[in-house]
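Here are the chains, one letter per residue:
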Amino acid sequence: MKSTETISIAIGQVIQSLQGAKLKGYDIHRLLKKSGIAPQLIEQPQARVPLEKFILLTRYTAGTMNDELHGLLQYPHRLGHFRSMALSAIHAGTLGEAIQRCVDYYNLFENSFVYELSKKGQFAQYSITRIEGHTVQNAFAVESMLTVLHRFAGWLVNERIILDQVGFDFSIPPHAKEYLYSFYGAPVLYKQAHSRLRFPLGYLDRPIVQTEAHLNSYIRRAPMDLYLPLNAAGDLTRGIRNLV
C-alpha cells in the first residue's frame, strides 16, 4: 500500500475544493499557507499537492467554515454530520443495510442531491441525483460524495469494493485521470442522468466487521482514508477477524 508520503492530489481538485470558501469570502490564500501549500501553485495547472498537506487544508477549511463540504452544496454539512451518519451505519448487520441507512440519513436534509440504493440484475447501484435549483459548485462536490460512500463502505466490511462502473452527470474535468486511482480503475462515464457507483450485488450481503470503537479512530483520521487505497487483501483480513 502507498504511504501518505507518496500520494499527491491534482491542483485542479485542490482549487475546486476551495471554490465554495472563495465564493463565501474566505481568504483561501491564508488557508493554503496554513496548510503548508504555496498559494502560487494554484496558477500552475500541472502542480500536485502532497496528500498530508491537502488533508490539513480540508480540515482547516471545514473547521473555519463549520462545513464538512466547504460550501460546495446548497446547505452546510455542519461539523459532526459524517459522524452522525456513520454511527447509524456502523450498527447495521450487512453492507446493504448500512448503505441504506446512509441513504436515509442524507435524504433527511434535502441538500443538493437525492440519494438512492437500487438493485438491477446482478448489480447494486448507489446514485445521487441533483435537486433542481440547488447549488452544486463543481465536479469535486459530486466526486466527493461518491468517494465518501465508496471508501466508507469498503472500510465497513474491510474489503476493497470493486466497482463495475462509475457514472458522473458532468463533462470530463481536467483532473479526470485521478479517477483511475480514486475508483480503482473502474470505467467512468460522463454526462449521465445522475452520478452513480455500480458494483456486484453480492457486496450488499457482506457483514459489517467494524465497531463503534474502530469508527472513532476512523473519524479522527478523516478524511485521510478517503485517499488511501484499501488493501486488496481485505478478504483475508476479514477472514482472520472472523476466526478471532
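Treat the numbers as computed from the prediction; the structure is a model and nothing was measured.

A.B. asks: Quick question: what am I supposed to make of helix α7 (residues 139-157) here?
C.D. replies: Count 3.6 residues to each turn of an α-helix, and residues three or four apart come out pointing the same way. Here α7 is 19 residues long and its end C-alpha atoms lie 28 Å apart, about the 27 Å a rise of 1.5 Å per residue gives. Counting buried residues along α7, 19 of its 19 residues qualify, which places the element largely inside the surrounding structure. Its side-chain oxygen 3.2 Å from the backbone nitrogen of Phe-140, Asn-138 forms the N-cap of α7. Of the residues flanking the end of α7, it is Asn-158, one or two places downstream, whose phi is positive at about 55 degrees.

A.B. asks: When you look at the side chain of Asn-138 in this model, what are you seeing that I'm missing?
C.D. replies: With respect to the helices and strands, Asn-138 occurs in the loop between β4 (123-130) and α7. Looking at Asn-138, its side chain comes within polar contact range of the main-chain oxygen of Gln-16, at 3.0 Å. For Asn-138, the side chain forms a polar contact with the main-chain nitrogen of Phe-140, separated by 3.2 Å. The contacts of Asn-138, once residues within four sequence positions are left out, are Gln-16, Gln-19 and Leu-72.

A.B. asks: When you look at the nonpolar core in this model, what are you seeing that I'm missing?
C.D. replies: As a rule of thumb, nonpolar side chains are buried together in soluble globular proteins. Residues Val-14, Ile-99, Tyr-126, Phe-152, Phe-168 and Phe-183 are the most contacted members of the largest nonpolar core, which totals 73 residues. For Phe-168, the contacting residues outside a window of four places in its chain are Val-142, Glu-143, Leu-146, Tyr-179, Phe-183, Val-188, Leu-189, Tyr-190, Lys-191, Gln-192, His-194 and Ser-195.

A.B. asks: Teacher, can you tell me more about the sheet that holds strand β7 (residues 195-200) here?
C.D. replies: The pairing of strands in a sheet happens through backbone hydrogen bonds and is either parallel or antiparallel. Pairing within the open sheet is mixed, and its five strands lie in the order β3-β4-β7-β5-β6. On the outer flanks of this sheet lie β3 (113-120) and β6 (188-189), each paired with one strand and no other. As paired elements, β3 and β4 share eight bridges and run antiparallel to each other. Residue pairing in the sheet places Lys-119 in a bridge with Ala-124 of β4. Along the sheet face, α7 touches β3, β4, β5 (165-167) and β7 and points at about 150 degrees away from the line of β4.

A.B. asks: Help me understand the confidence of the model for the protein chain in this model?
C.D. replies: Close inspection of predicted coordinates is inappropriate in any region flagged by low pLDDT. When pLDDT is averaged along the protein chain, the result is 93, and 92% of the positions lie at 70 or above. Confidence drops under pLDDT 50 across residues 233-244; counting only partners more than four residues distant or on other chains, this segment forms 14 contacts.

Criteria and thresholds
Residues numbered from 1 in each chain as written. Predicted model: local features only at pLDDT ≥ 70, side-chain atom pairs only at ≥ 80, totals over all residues. Heavy atoms only, no water. Helix = DSSP H or I, 4+ residues; strand = E, 2+ residues; numbered from the N terminus. Expected span 1.5 Å × (residues − 1). Buried < 20%, exposed > 50% of the residue type's maximum accessible area, 1.4 Å probe, protein only. Polar contact = N/O pair within 3.5 Å; in protein donor to acceptor, adjacent residues only side chain to side chain. Contact = heavy atoms within 4.5 Å. Core = buried A, V, L, I, M, F, W, Y, C linked by side-chain atoms within 4.5 Å. Pairing = 2+ DSSP bridges. Axes fitted to C-alpha atoms, helices over the stretch in contact; angles between N-to-C directions. pLDDT = per-residue confidence, 0-100.

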